[in-house]
Amino acid sequence: MEARRAERLAREVDAFDHWFAASNPSEGGYFLTASLFAESPNTARVARDMTAVFLTDAGAAEFVDDARLVVSELVGNVVNHVVPERGLARPGGARRIDMTFKVWPKWVFIGVADEDSSPPLLPLGDAFSPGLAGELSEAVLPDNGRGLFIVQRLASSVWWRPGDLGGKTVWCRFDRDGATTERKPD
């Protein structure tokens, strides 16, 4: 049991090391950053489409459906909830959304940054008993916070990091071929 735990921890440290680095094709990795504006009427659609095109071109097409939904939820949170900090807001300016994608042979990392330093309210475990997941699941889901709950269910890992000059980035990681951790039970 202890050896299995040490192996899992080593894989998590390896994933963290790769998340922190910029990937490049010579190492089997791909990297993309893009900026969008929350006030654009097509922001969520453009974010989903960019996600699909980049992941397909980077050889990670197996994650397109889940990643499109994750990006849609994270970008939707920015559009619907973010209030920029005074130092980052510009009078009459649009709210900026920065997306980062890193594809490695073992992982896919997706980050969505905004101009609000308020921490996201990441759910702490299941919002309802798995036994209620049948016909009544929508009745027992909370009125808000479902987006991050969906993100946590689809991704292998979800976390956030404050920006150096304000704002924050919500990150998620998808493990390729079970390379890093066991997938959460559905």
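Since the model is a prediction, treat every value here as computed from it, not as a measurement.

A. Main features of the sheet that holds strand 4 (residues 157-162). Pairing is antiparallel in the open sheet, where five strands are placed in the order 1-2-3-5-4. Each of the sheet's edge strands pairs with one partner strand only, and the pair in question is strand 1 (30-37) and strand 4. If you compare each strand with its neighbour and ignore which way they point, the axes differ by 15° on average. Bridging between strand 2 (residues 96-103) and strand 3 (residues 107-114) involves six bridges; their strand directions are antiparallel.

B. How the structure looks around the packing of helix 3 (residues 64-81) against helix 5 (residues 146-154). Between helix 3 and helix 5, the shortest axis-to-axis distance is 9 Å and the interhelical angle comes to 150°. When the interaxial angle is binned, helix 3 and helix 5 end up roughly antiparallel. For the element pair helix 3 and helix 5, the recorded crossing hand is left-handed. Side by side, helix 3 and helix 5 meet where Asp66, Leu69, Val70, Glu73, Leu74 and Asn77 of the first sit next to Gly147, Leu148, Ile150, Val151 and Leu154 of the second. The residue makeup of the contact of helix 3 with helix 5, split by class, is seven nonpolar, two polar and two charged.

C. Geometry of the confidence of the model for the protein chain. Here the protein chain averages 80 in pLDDT, while 70% of its residues score no lower than 70. Confidence drops under pLDDT 50 across residues 179-186; counting only partners more than four residues distant or on other chains, this segment forms 26 contacts.

D. Representation of the pattern of salt bridges in the model. Taken as a whole and judged by the stated rule, the model has seven salt bridges. The residue Arg45 makes a salt bridge to Asp49 at a minimum N-O spacing of 3.2 Å. Of the two residues, Arg45 and Asp49 are both situated in helix 2 (residues 43-57); the distance of four residues between them amounts to about one turn of the helix. A salt bridge links Asp114 to Lys168; its shortest N-O distance comes to 3.1 Å. Taken together, the residues span a long stretch of sequence, with Asp114 in strand 3 and Lys168 in strand 5 (residues 168-175) at a distance of 54 residues. Lys168 shares its class with Asp114; the two are buried. One network of salt bridges, in which partners are shared, links Arg45, Asp49 and Arg68.

E. Just the packing of helix 2 against helix 3, in detail. Taken N-terminus to C-terminus, the directions of helix 2 and helix 3 make an angle of 150°; their axes are 9 Å apart at the nearest point. In this view, helix 2 runs roughly antiparallel relative to helix 3, as classed from their interaxial angle. For the crossing formed where helix 2 meets helix 3, the hand is right-handed. Where helix 2 approaches helix 3, its residues Thr43, Ala44, Ala47, Arg48, Asp49, Thr51, Ala52, Leu55 and Thr56 are matched on the opposing element by Val64, Ala67, Arg68, Val71, Ser72 and Val75. Among the residues forming the contact of helix 2 with helix 3, the class breakdown is eight nonpolar, four polar and three charged.

F. Region of the structure containing the nonpolar core. The biggest cluster of nonpolar side chains holds 32 residues, and the ones touching the most others in it are Leu55, Ile97, Met99, Val108, Ile110, Cys172 and Phe174. Considering every element that reaches this core, the biggest residue donor is helix 3, with seven residues. For Phe174, the residues in contact, after removing those within four places along its chain, are Phe63, Asp66, Ala67, Val70, Lys106, Trp107, Val108, Ile110, Leu154, Ala155 and Ser156.

Reading guide: rules and limits
Residues numbered from 1 in each chain as written. Predicted model: local features only at pLDDT ≥ 70, side-chain atom pairs only at ≥ 80, totals over all residues. Heavy atoms only, no water. Pairing = 2+ DSSP bridges. Helix = DSSP H or I, 4+ residues; strand = E, 2+ residues; numbered from the N terminus. Axes fitted to C-alpha atoms, helices over the stretch in contact; angles between N-to-C directions. Parallel < 35°, antiparallel > 145°, perpendicular 65-115°, else oblique. Left-handed = near helix turned anticlockwise from the far one by under 90°. Contact = heavy atoms within 4.5 Å. Nonpolar A, V, L, I, M, F, W, Y, C, P; charged D, E, K, R; others polar. pLDDT = per-residue confidence, 0-100. Salt bridge = Lys/Arg side-chain N within 4 Å of Asp/Glu carboxyl O. Buried < 20%, exposed > 50% of the residue type's maximum accessible area, 1.4 Å probe, protein only. Core = buried A, V, L, I, M, F, W, Y, C linked by side-chain atoms within 4.5 Å.

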